[in-house]
Amino acid sequence: MTRTGTPAPVPAPVSAGHCRKNAARAAAAGALTAVFLGLAPLAHAAQPVPPAPAAPSGAGVAEAHEAATAPTTLDTLSRFFARDGAIAKAKARPVIDGATVPVYTLAPEFVAGRTGVPVATLDFLASKAVSADGQKASVWTARAGDAWKVVNIATGDDETRYAAEGARRLGGGTVFREPQIDAWYVQRGDRVLPLDEDATRAIGAGGTSLARYQARVHKEYGDKLPGSAYEKKGLAGGYGKDAAPAAEGRAPAADTAATAAARTAGDGPLDPGTAAAATGGVLALGATALVIRRRRRG
């Protein structure tokens, strides 16, 4: 059967350019609709992965460990553990337990807001010492001239304990300390995780991005770096406005020798004179070192 009626009009040919324009308009409209409906995330600028801080050489670590285990250091540790009559010096019998680890501290360049810089810089090396009655101490070694020497002894084992915890939580990351609030973190790539309660209060239990962490420390300490009006007033450069005297059972931010002023300023190895002024060492080791007693959380 033959169909009758007016034949349907034949569409005019459409150019390829016209098709591309229509497709672009449709895509743009779809994307805009998706954003309004909450169906598509907004784009974020990619953050460059910062370089890892400079690590000590294997030979340097071995030399620092040797300094920590030297007979003179062990004798000083015996006196340290015997303070306040905790144990007789002859019975302390201290030993160095475990490996010597690098200790990193928040870097001033990072605080200043620069990109492509490590979050922290190498500060000193630490070894855990244990007495016969279970007391713990941290032996700090720093490079002095051509040798690694003991510069401080502090109560507790934060340095080695948090190094181990950071490796467990974020293997291959950098464990570092924010001295202004005595907080410990581990960072790898764009993630920063807290390792103690002070860090948890600062960034939350789930951690934060590196960019957000940098924004926080820049806001807190960016105006307290070397050369700032804060430093020129004669204040301890690098301290945040929230730094306060210690609560019961907790060490103040300045109790670890050259701490915030020298560390945030990126100074080199600890200066014993500065350390004594900042902490009030309890036992002198001579011209190159002193012993520090500090209260600890754990």
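On a predicted model such as this, the values are computed, not experimentally measured, just so you know.

Engineer: Account for the confidence of the model for the protein, with residues named and values stated.
Structural biologist: The pLDDT averaged across the protein works out to 73; a share of 60% of its residues lies at or above 70. A low-confidence stretch, residues 1-14 (pLDDT under 50), is modelled with 1 contact involving residues beyond four sequence positions or located in other chains. In this model, residues 16-45 is a region of pLDDT below 50 whose contacts with residues beyond four sequence positions or in other chains number 5 contacts.

Engineer: An account of the packing of aromatic side chains is needed here, citing residue identities and associated values.
Structural biologist: Counted under the stated rule, the structure contains 7 aromatic pairs. Members of the aromatic cluster, joined through ring pairs, are Phe 110, Phe 176, Tyr 185 and Tyr 213. The cationic tip of Arg 83 hangs over the ring face of Phe 80; the distance from NZ or CZ to the ring centre is 4.4 Å. A cation sits over an aromatic face here: Arg 161 above Tyr 162, 4.8 Å from the ring centre.

Engineer: Run through the nonpolar core, naming residues and quoting values.
Structural biologist: Counting residues in hydrophobic clusters, the biggest one holds 20 residues, and the most contacted among them are Leu 106, Phe 110, Val 119, Phe 176, Tyr 185 and Tyr 213. Looking at this core, the elements that each hand over two or more residues are strand 1 (95-106), helix 5 (108-111), strand 6 (183-188), helix 7 (197-203) and helix 8 (210-221). Element by element, the count of residues in this core is highest for helix 8, at 4 residues. The residues contacting Val 119, other than those within four sequence positions of it, are Thr 105, Leu 106, Ala 107, Phe 110, Phe 176, Gln 187, Leu 210 and Tyr 213. Within the second largest apolar cluster, 16 residues are counted, among which are Phe 124, Ala 154, Leu 170 and Trp 184.

Engineer: Explain the side chain of Asp 182 to me, and be specific about the residues and the numbers.
Structural biologist: Summarising the element assignment, Asp 182 is placed in the loop between strand 5 (174-178) and strand 6. With relative accessibility at 7%, the residue Asp 182 sits in the buried group. Reaching out from Asp 182, the side chain makes a polar contact with the side chain of Arg 177 at a distance of 2.8 Å.

Engineer: Run through the pairing of strand 4 (residues 147-155), naming residues and quoting values.
Structural biologist: Both faces of the sheet carry side chains from a regular strand, because those side chains alternate between them. Counting buried residues in strand 4 gives 7 out of 9 residues, a clear majority hidden from the surface. Pairing of strand 3 (residues 136-144) with strand 4 involves 8 bridges; the strand directions are antiparallel. Bridged to Ala 144 within strand 4 is Ala 147. Between strand 3 and strand 4, which follow one another and run antiparallel, lie 2 residues, and Gly 145 among them has a positive phi close to 70 degrees.

Engineer: If you had to explain the environment of Asp 190 to someone new, which residues and values would you point to?
Structural biologist: Tracing the backbone shows Asp 190 in the loop between strand 6 and strand 7 (191-194). On the accessibility criterion, Asp 190 (35% relative accessible area) is partly exposed.

Engineer: Summarise the side chain of Thr 208; cite the residues concerned and give the values.
Structural biologist: Its location among the elements puts Thr 208 in strand 8 (residues 208-209). Given a relative accessible area of 11%, Thr 208 falls into the buried group. Residues in contact with Thr 208, not counting those within four places in the same chain, are Asp 190, Arg 191, Val 192, Ile 203 and Tyr 213.

Engineer: Break down unusual backbone geometry for me, with residues and values.
Structural biologist: Although it is not a glycine, Asp 84 adopts a positive phi angle of roughly 60 degrees. Relative to the elements of secondary structure, Asp 84 occurs in the loop between helix 3 (71-81) and helix 4 (89-92). Positive phi values are uncommon outside glycine, yet Arg 93 reaches one of about 40 degrees. Relative to the assigned elements, Arg 93 resides in the loop between helix 4 and strand 1. Taking the relative accessible area as the measure of exposure, Arg 93 reaches 56% and is therefore exposed.

Engineer: Tell me about the pattern of salt bridges, and name the residues and values.
Structural biologist: Under the defined criterion, the tally for this structure stands at 12 salt bridges. Of the charged contacts in the structure, one is a salt bridge between Lys 89 and Asp 75, with a shortest N-O distance of 2.9 Å. Separated by 14 residues along the polypeptide, Lys 89 in helix 4 and Asp 75 in helix 3 bring together distant segments of the chain. One salt bridge in this structure joins Asp 157 and Arg 161, with 3.1 Å as the shortest N-O distance. Its relative accessible area of 6% is what places Asp 157 among the buried residues. Through salt bridges with shared partners, one network takes in Asp 97, Lys 128, Lys 136, Asp 157, Asp 158 and Arg 161.

Engineer: Would you mind going over the environment of Arg 114 in detail, with residue names and values included?
Structural biologist: Topologically, Arg 114 is positioned in the loop between helix 5 and strand 2 (120-130). Sequence-wise, Arg 114 and His 218 are 104 residues apart; in three dimensions their C-alpha atoms are separated by 9.8 Å. Every residue in contact with Arg 114, bar those within four places of it in the chain, is listed here: Glu 109 and Gln 214.

Calculation notes
Residues numbered from 1 in each chain as written. Predicted model: local features only at pLDDT ≥ 70, side-chain atom pairs only at ≥ 80, totals over all residues. Heavy atoms only, no water. pLDDT = per-residue confidence, 0-100. Contact = heavy atoms within 4.5 Å. Phe/Tyr/Trp six-rings, centres within 6.5 Å; stacked < 30°, edge-to-face > 60°. Lys NZ or Arg CZ within 6 Å of the ring centre and 35° of its normal. Core = buried A, V, L, I, M, F, W, Y, C linked by side-chain atoms within 4.5 Å. Buried < 20%, exposed > 50% of the residue type's maximum accessible area, 1.4 Å probe, protein only. Helix = DSSP H or I, 4+ residues; strand = E, 2+ residues; numbered from the N terminus. Polar contact = N/O pair within 3.5 Å; in protein donor to acceptor, adjacent residues only side chain to side chain. Pairing = 2+ DSSP bridges. Salt bridge = Lys/Arg side-chain N within 4 Å of Asp/Glu carboxyl O.

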